[in-house]
Amino acid sequence: MVISHQMTAFEEVNLLFDRSSDRLNLSNGLREMLRRPWRELQVQVPVRMDDGHIEVFTGYRVQHNGARGPYKGGVRYHPAVDLEEVRALASLMTWKTALVNLPYGGAKGAVQVDPALLSQPELNRLTRRYTLNIEHLIAPNRDIPAPDMGTNSQTMAWMMDAYGQLHGYTPAIVTGKPVELGGSLGREAATGRGVGYLLMEAAQDLEIDPQGARIVIQGFGNVGSWAARLLHDSGCRIVAVSGVRGGVYNEKGLDIPALVDHYRETRSVPGFSGGENITNAELLELDCEVLVPAAIGNVITAENAPRIKAKVVLEGANHPTTPEGDDIMTDRGIKVLPDILVNSGGVIVSYFEWTQNLQQFHWEEDRVNEELRKTIVRAYHEVRDRAASEGLTYRQAAFDIGVQRVAQVIELRGFL
Ligand code: NAD
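Residues numbered from 1 in each chain as written. Predicted model: local features only at pLDDT ≥ 70, side-chain atom pairs only at ≥ 80, totals over all residues. Heavy atoms only, no water.

### Quick notes on the site of the ligand
Consideration 1: What surrounds the ligand is a group of 23 residues, the closest being Arg76, Asp148, Thr191, Phe220 and Asn318.
Consideration 2: Side-chain polar atom of Arg187 to an oxygen atom of the ligand: 3.5 Å apart, as the coordinates give it.
Consideration 3: Separating an oxygen atom of the ligand from a backbone N or O atom of Ala295 is a distance of 3.1 Å.
Consideration 4: Calculation on the ligand without its partners gives an accessible area of 830 Å², and the protein chains cover 85% of this total.
Consideration 5: Taken together, the residues of the shell around the ligand break down into nine nonpolar, eleven polar and three charged.
Consideration 6: If you count residues domain by domain, the shell around the ligand takes at least three from each of domain 1 (33-171) and domain 2 (190-337). (Near = heavy atom within 4 Å. Polar contact = N/O pair within 3.5 Å; in protein donor to acceptor, adjacent residues only side chain to side chain. Areas by Shrake-Rupley, 256 points an atom, 1.4 Å probe, with all protein chains shown as cover. Nonpolar A, V, L, I, M, F, W, Y, C, P; charged D, E, K, R; others polar. Domains from an automatic or database assignment.)

### Points about the layout of surface pockets
Consideration 1: Approximately 310 Å³ is the volume attributed to the second largest pocket.
Consideration 2: Around the second largest pocket, the lining comprises 16 residues; the ones closest to its centre are Ala9, Ala80, Glu85, Gly297 and Asn298.
Consideration 3: Top contributing element to the lining of the second largest pocket by residue count: helix H3 (residues 83-99), with four residues.
Consideration 4: Counting only domains with at least three residues in the lining of the second largest pocket, you end up with domain 1 (33-171) and domain 2 (190-337). (1 Å grid on protein atoms, 1.4 Å probe; cavity = no way out; pocket = protein on both sides within 12 Å on 5 of 7 lines; lining within 4 Å. Points joined across faces, edges and corners; volume = space filled by probe spheres on them. Helix = DSSP H or I, 4+ residues; strand = E, 2+ residues; numbered from the N terminus.)

### Let's talk about the sheet that holds strand S2 (residues 54-65)
Consideration 1: The mixed open sheet is built from five strands, whose spatial order is S1-S2-S4-S3-S5. Two strands close off the open sheet at either side, each with one partner strand: strand S1 (39-48) and strand S5 (143-147). When the angles between neighbouring strand axes are averaged without regard to direction, this sheet yields 20°.
Consideration 2: Pairing of S2 with strand S4 (residues 106-111) involves six bridges; the strand directions are antiparallel. Bridge assignment links Asn65 to a residue of S4, and that residue is Gly106.
Consideration 3: Sitting on the sheet, helix H4 (residues 120-134) touches S1, S2, strand S3 (71-77) and S4, and the angle it makes with S1 is about 145°.
Consideration 4: Packing of helix H5 (residues 153-167) onto the sheet brings it into contact with S3 and S5, and relative to S5 it is tilted by some 150°. (Pairing = 2+ DSSP bridges. Axes fitted to C-alpha atoms, helices over the stretch in contact; angles between N-to-C directions. Contact = heavy atoms within 4.5 Å.)

### Some words on unusual backbone geometry
Consideration 1: Even without being glycine, Asn101 reaches a positive phi, approximately 60°.
Consideration 2: Backbone geometry at Glu207 places phi at a positive 55°, although glycine is not the residue there.
Consideration 3: Counting through the fold element by element, Glu207 comes out in the loop between helix H6 (190-206) and strand S6 (214-218).

### Some points on helix H12 (residues 345-359)
Consideration 1: Between the first and last C-alpha of H12 there are 21 Å, a value that for 15 residues agrees with the 21 Å anticipated at 1.5 Å per step.
Consideration 2: Counting buried residues in H12 gives twelve out of 15 residues, a clear majority hidden from the surface.
Consideration 3: Of the residues making up H12, those classed as buried are Gly345, Gly346, Val347, Ile348, Val349, Ser350, Phe352, Glu353, Trp354, Thr355, Gln356 and Asn357.
Consideration 4: Buried residues along H12 sit in contact with S3, H3, S5, H6, helix H11 (339-342) and helix H13 (365-390).
Consideration 5: Note on H12: the residue one or two positions beyond its end, Gln360, has a positive phi of about 50°. (Expected span 1.5 Å × (residues − 1). Buried < 20%, exposed > 50% of the residue type's maximum accessible area, 1.4 Å probe, protein only.)

### Quick notes on the sheet that holds strand S12 (residues 335-337)
Consideration 1: Across the sheet, seven strands lie side by side as S9-S8-S7-S6-S10-S11-S12; this open sheet has mixed pairing. The open sheet has two free edges, formed respectively by strand S9 (276-278) and S12, since each of these has just one partner strand. Averaged over all adjacent pairs, the angle separating strand axes in this sheet is 20°, with direction ignored.

### Comments concerning the packing of helix H7 (residues 222-233) against helix H8 (residues 256-266)
Consideration 1: Relative to each other, H7 and H8 sit at 155°, their axes nearing to 9 Å. Relative to H8, H7 is oriented roughly antiparallel. For H7 against H8, the interelement crossing comes out left-handed. Across the interface between the two elements, Ala228, Arg229 and His232 from H7 touch Ile256, Pro257 and Val260 from H8.
Consideration 2: For the contact of H7 with H8, the per-class residue count stands at four nonpolar, one polar and one charged. (Parallel < 35°, antiparallel > 145°, perpendicular 65-115°, else oblique. Left-handed = near helix turned anticlockwise from the far one by under 90°.)

### A look at the domain arrangement of the protein
Consideration 1: For the protein, the domain assignment lists domain 1 (33-171) and domain 2 (190-337).
Consideration 2: The interface of domain 1 with domain 2 comprises six residues on the first partner and four residues on the second.
Consideration 3: Taken together, the two surfaces of domain 1 and domain 2 that pack against each other cover about 380 Å², and 52% of this comes from carbon and sulfur.
Consideration 4: When the area that domain 1 buries against domain 2 is broken down by residue, the three leading residues are Leu92, Lys96 and Met149, summing to 60%.
Consideration 5: Here domain 1 and domain 2 share zero salt bridges between them.
Consideration 6: Here domain 1 is connected to domain 2 by one residue pair in polar contact (both at pLDDT 80 or more).
Consideration 7: A per-element tally of the side of domain 1 that touches domain 2 places H3 first, with three residues.
Consideration 8: Here the side of domain 1 that touches domain 2 is built from residues that sort into three nonpolar, no polar and three charged. (Buried area = accessible area lost by both parts, 1.4 Å probe. Salt bridge = Lys/Arg side-chain N within 4 Å of Asp/Glu carboxyl O.)

### Section: the nonpolar core
Consideration 1: Core analysis: the largest hydrophobic core is formed by 83 residues, its most contacted members being Leu34, Ile215, Ile217, Val241, Leu259, Leu314 and Leu337.
Consideration 2: The dominant element in this core, judged by the number of residues it contributes, is helix H14 (residues 394-413), at ten residues.
Consideration 3: Viewed by domain, this core spans two of them, domain 1 (33-171) and domain 2 (190-337), each represented by three or more residues.
Consideration 4: Counting residues in hydrophobic clusters, the runner-up holds 25 residues, among them Val75, Tyr77, Tyr130 and Ile173. (Core = buried A, V, L, I, M, F, W, Y, C linked by side-chain atoms within 4.5 Å.)

In structure tokens:
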């Protein structure tokens, strides 16, 4: 496939959606309705900085589709985020929640900011102002934000508090909160844990031995570091990981607990004494069995896909692969488990957190993890079986299941 202009992330996700609509024979009107976000909000986020001056940031909340339930999606703080990327991420949430069969629609929020450059009090003020500016769009039965890149449980605590100042105690307004404020046990590790469960479940089908396989992980934030920790605990060999400043490589396997300590102290992966430094570009092209991109989008492209040596790619990040990169990997026989399946552990446990909040009841962590395992494994089996019976890639099968479920619900509701 040759693409003449640089597509935006949203156009790329819609290309996947359009191909799925063709296979599912959806009418033009329905496609149009499913392709475009139902509602978009752009807000100004003025913040008084610690030195007294005012900075004005741009924030977004995109509600892509609410047919299957309240909108659900994370909030990203990143300096390069724009409306097209938020639309793409919101759309992916629609197909993801449908694929893993949660009663949610898809949404995403963002603020164009580099959180590393702000103090904690500045981030608190920014989060409160952003929350107040989108407050009329969110509610426990309408739209429930969660953490994403650049945000964490502290961010969610501030959002919950800002919302609660207007509406009273409402823990179900956000997920990914600290456990002390009604967060779920197991939520912080959930996305990485889901990656681990999936690898163990799919290993035989993918013809890899998870214990012997060389695993490479890009990103050492929430998703990457938990995936590394849990896979390491299961006896797997993680040969390389990276953060924004680069990575480290050790063919014998990295000592992940020691690397976690190093990262906590230095906020950086390179410089770890238990491996040699490598760049992010080198990391993606390492000779390995399993590659887990778990950082940012668009890292596997037409440019580097011909040189990817992994046998299997597990997409921990959202949209790490461009459509051209995907086609090249498919032609080369690389099996790609797609983002909407692989990183669904986060939204699955967010759903458990929300139900616990609504019932004012707490689950034990074992129950959370076991329900997560069952949910993600069920979705994997559905994807695998559909891919096999219809001759599709895993990504095509995952999209078809998600899109079909949303289309069915629109018919059932009868609102067209
Ligand atoms: P995070 O902010 O905790 O960590 C991001 C990691 O990526 C950090 O290690 C950072 O150093 C690294 N990184 C940033 N820019 C990079 C670059 N240019 N090159 C290489 N590495 C870079 O974010 P996270 O929550 O772990 O999210 C990572 C990805 O997973 C995102 O695509 C996010 O949308 C997706 N995701 C996250 C969750 C979740 O529960 N947190 C759930 C589903 C999907």
